[in-house]
Amino acid sequence: MDRENNSDIEINPLTGYWCLPHGQINDYDRHILTDLYLPLLGTTAYSVYLLLWEKVPNKEVVTDRKNHSDLLSLLNIDLNKFNAARVRAEALGLIRTFTKNDDLGDYCIYQLFEPLTPKEFFKDDLMSIFLYEKIGQVNYNELIKKYSRSEEILEQSTEITKDFLEVFQLNNDDLINTPTDVKNAQSEFTSESDNSKPKVDPATMNQLDWELIEDRIGQLFKIDKNDLLKNQELIINLHLFYGIDEITLIDLIGKTANIVDNKIDPERLRRSVQDRFEKNANISVKNVEEKPVDAPVTNNLSRADNLLLQQAKSMVPADFLAAEKQKSGGFTGAAESKALRDMAMKTYLSPAVLNILVDYILQNSPTLSVALMETVANDWQQNEVKTPEQALQRLHDFQNRPRNPRRYNNRNKKVEKATDWSKVQSNTPTNDKNAQIKRQELQARIRKMRNKDN
């Protein structure tokens, strides 16, 4: 499998498709999809995912595949909406997309994954925080009650369950020497890595001083090390997404812990961190001393680019966004800070790379355009952009791309197509003052509604 193949095929209505199931989806999975995934997917992506499951072929005859035009007709949407919906399902771990070519032409393979179990979903910080922000505290807690299962009734009970060999008899020789037919059958089922659950790339994470957190948490708040380890993934993710240092994390953990049993309260901790993020978005930005780049430049970037790199690496996304908006005399809207949080949670871009993304978006739009953010972030993930230097280089490659690629007649030379990000326009009017006032009033109403929900 070659990830770069995705850029070789431009999907159109006549492009074929093939559905490859990873397991099976049942009625319980559909309940989970409706309750937990629908608020994140949206109705279009939800419909695309379920329709692809219905299109899983009964026979392995790839030449009998259908075209995307059939899917578009059934869904009553155009290709752009289909691709946008598919990408949302991919980001949530429900679909993996591959491209291939045979005698009949290009086609896509959609590998379909079952949704996470409720336990896996709520223990996954990416998914649970995203859901919390989408549906609010009241609805979130209702879902927790619906899907949590208490096992207190099993306490002080005696298990009398029989195991397999106590009930069924097998030939002793077969147990020792597995029959050849069984071995052959087992070899048909190759081991598959479960890629349905989003995972944080540890290479993009600054390492925390975990010993410092353990010692201070124990001394100040009497929180047990085992409880801290139990919530380690949550703490690391909060550090990664919000750029919180050890001292601040210790303080937030202690303030939100349960004072009765000295246990970490994951939900209160998440909420506290999010509130802190929102408050920091519009306060005066910390004075970051912008020292000139005196070190010899060896990356072939301009002085301005090197200064941008220095700022991107030294500031967390919340402060960087606020600083950029203040430079232009603007302010950070609630929708913008939420859009940045959503982008941090559903991508594996490091904080420094996110800052480069923010800088690029604000050069093309007065506010953070979600459509443009998603387009650029998708391109960077597909092209494995992991450092701010790579992000800047990707931007320069796009800006310096050949304007007329037809002049290149060398068929053996592979020219990478740059994503035409400029076609993704912001929905924010730039000159209409009345529309600007209405938008600000709408944002204020949304903030009041959120405060009322919380």
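Residues numbered from 1 in each chain as written. Predicted model: local features only at pLDDT ≥ 70, side-chain atom pairs only at ≥ 80, totals over all residues. Heavy atoms only, no water.

## Regarding the sheet that holds strand S3 (residues 95-102)
- With mixed pairing, the four strands of this open sheet are ordered in space as S2-S1-S4-S3. Strands with a single pairing partner mark the edges of an open sheet, and in this sheet they are strand S2 (66-67) and S3.
- Where strand S1 (residues 16-22) meets S2, two bridges bridge the pair, whose relative direction is antiparallel. Paired with glycine 16 across the two strands is asparagine 67, which belongs to S2. (Pairing = 2+ DSSP bridges. Helix = DSSP H or I, 4+ residues; strand = E, 2+ residues; numbered from the N terminus.)

## Considerations on a positive patch on the surface
- A cluster of like positive charges, contributed by Lys119, Lys123, Lys230 and Lys263, occupies part of the molecular surface.
- On the secondary structure map, lysine 263 appears in the loop between helix H13 (246-256) and helix H14 (266-281).
- When its relative accessible area of 39% is taken as the criterion, lysine 263 is described as partly exposed. (Patch = residues over 30% accessible without salt bridge, like charges linked within 9 Å, V, L, I, M, F, W, Y side chains within 5 Å. Areas by Shrake-Rupley, 256 points an atom, 1.4 Å probe, with all protein chains shown as cover. Salt bridge = Lys/Arg side-chain N within 4 Å of Asp/Glu carboxyl O. Lys, Arg positive; Asp, Glu negative; His and termini not counted. Charge placed at Lys NZ, Arg CZ, Asp CG, Glu CD. Buried < 20%, exposed > 50% of the residue type's maximum accessible area, 1.4 Å probe, protein only.)

## Some words on the environment of asparagine 12
- Mapped onto the secondary structure, asparagine 12 falls in the segment before S1.
- Judged by its relative accessible area of 33%, asparagine 12 falls in the partly exposed class.
- Asparagine 12 sits 68 residues away from asparagine 80 along the chain, and the two C-alpha atoms are 9.6 Å apart.
- If we skip the residues at most four places from it in the chain, asparagine 12 touches His68 and Leu79.
- A polar contact is formed between the side chain of asparagine 12 and the backbone nitrogen of leucine 14, at a distance of 2.8 Å. (Contact = heavy atoms within 4.5 Å. Polar contact = N/O pair within 3.5 Å; in protein donor to acceptor, adjacent residues only side chain to side chain.)

## Let's talk about the pairing of S3
- For S3 and strand S4 (residues 105-113), the ladder comprises eight bridges, and the chain directions are antiparallel. Bridge pairing links lysine 100 to tyrosine 107 in S4.
- Connecting S3 to the antiparallel partner S4 that follows it, the hairpin turn spans two residues.

## So, helix H3 (residues 68-75)
- Within the span of H3, buried status applies to His68, Leu71, Leu72 and Leu75. Taken end-on, H3 shows its buried residues confined to a sector of 95 degrees, consistent with a single buried face. Facing away from the buried side of H3, by more than 90 degrees, are the exposed residues Ser73 and Leu74.
- Those residues of H3 that are buried are in contact with S1, helix H2 (43-54), S2, helix H4 (79-91) and S4.
- Looking one or two residues past H3, asparagine 76 carries a phi angle of roughly 60 degrees, positive in sign. (Arc of directions from axis to C-beta.)

## A look at the packing of aromatic side chains
- Evaluation of the coordinates by the stated rule reveals six aromatic pairs.
- Ring geometry for tyrosine 49 versus tryptophan 53: centroids 6.3 Å apart, planes at 85 degrees, classification edge-to-face. Here tryptophan 53 and tyrosine 49 lie together in helix H2, a separation of four residues that amounts to about one turn.
- You can call tryptophan 53 buried: its relative accessible area is 8%. (Phe/Tyr/Trp six-rings, centres within 6.5 Å; stacked < 30°, edge-to-face > 60°.)

## Notes on helix H10 (residues 210-221)
- For H10, which comprises twelve residues, the first-to-last C-alpha distance of 16 Å matches the rise-based estimate of 16 Å (1.5 Å per residue) to within 8%.
- Where H10 is concerned, the buried positions are Trp210, Ile213, Glu214 and Ile217. Buried residues of H10, viewed axially, fall in a sector of 100 degrees; they line one side. Across from the buried face of H10, at angles greater than 90 degrees, the exposed residues are Glu211 and Gln219. (Expected span 1.5 Å × (residues − 1).)

## Examining unusual backbone geometry
- Positive phi outside glycine occurs at asparagine 262, with the angle close to 55 degrees.
- Tracing the chain through its elements places asparagine 262 in the loop between H13 and H14.
- Take asparagine 262: its relative accessible area is 30%, and that puts it in the partly exposed class.
- Backbone geometry places glutamate 384, a non-glycine residue, at a positive phi of 55 degrees.

## A word on the environment of leucine 308
- Mapped onto the elements of the fold, leucine 308 is located in helix H15 (residues 303-314).
- Since its relative accessible area comes to 11%, leucine 308 is described here as buried.
- Apart from residues no more than four positions distant in its own chain, leucine 308 is found in contact with Phe320, Ile356, Asp359 and Leu392.

## Re the pattern of salt bridges
- The tally for this structure, following the rule as stated, stands at ten salt bridges.
- The shortest N-O distance in the salt bridge between aspartate 102 and arginine 65 comes to 2.8 Å. With aspartate 102 in strand S3 and arginine 65 in the loop between H2 and S2, this pair connects stretches of sequence that are 37 residues apart.
- According to the relative accessible area criterion, arginine 65 is buried, its value standing at 13%.
- Among the charged side chains, a network of salt bridges with common partners joins Asp125, Glu267 and Arg270.

## Some points on the side chain of arginine 394
- One can find arginine 394 in helix H20 (residues 388-399).
- A polar contact is formed between the side chain of arginine 394 and the side chain of aspartate 379, at a distance of 2.7 Å.

## So, the nonpolar core
- Counting 42 residues, the largest nonpolar core has Leu36, Tyr37, Tyr110 and Phe121 as its most contacted members.
- In terms of residues, this core owes the most to one element, H2, which gives eight residues.
- Every residue in contact with leucine 36, bar those within four places of it in the chain, is listed here: Pro118, Phe121, Phe122, Leu131, Leu143 and Tyr147.
- In this structure, Val353, Ala377, Trp380 and Leu392 belong to the second largest nonpolar core, which totals 31 residues. (Core = buried A, V, L, I, M, F, W, Y, C linked by side-chain atoms within 4.5 Å.)

## Considering the confidence of the model for the protein
- Mean pLDDT for the protein: 76, with 71% of residues reaching 70 or above.
- Ranking the elements of the protein by mean pLDDT puts helix H8 (residues 172-176) last with 58 and H2 first with 94.
- In the model, residues 1-8 has pLDDT below 50 throughout and makes ten contacts with residues more than four positions away in sequence or in other chains. (pLDDT = per-residue confidence, 0-100.)

## Some details on the packing of H2 against H3
- Packing of H2 against H3 leaves a shortest axis separation of 11 Å and a crossing angle of 125 degrees. Taken together, the axes of H2 and H3 are oblique relative to one another. Two packed elements cross with a definite hand, and for H2 against H3 that hand is right-handed. Across from Ser47, Val48, Leu51 and Leu52 in H2, the residues of H3 making contact are Leu71, Leu74 and Leu75.
- Partitioned by chemical class, the residues of the contact of H2 with H3 number six nonpolar, one polar and no charged. (Axes fitted to C-alpha atoms, helices over the stretch in contact; angles between N-to-C directions. Parallel < 35°, antiparallel > 145°, perpendicular 65-115°, else oblique. Left-handed = near helix turned anticlockwise from the far one by under 90°. Nonpolar A, V, L, I, M, F, W, Y, C, P; charged D, E, K, R; others polar.)

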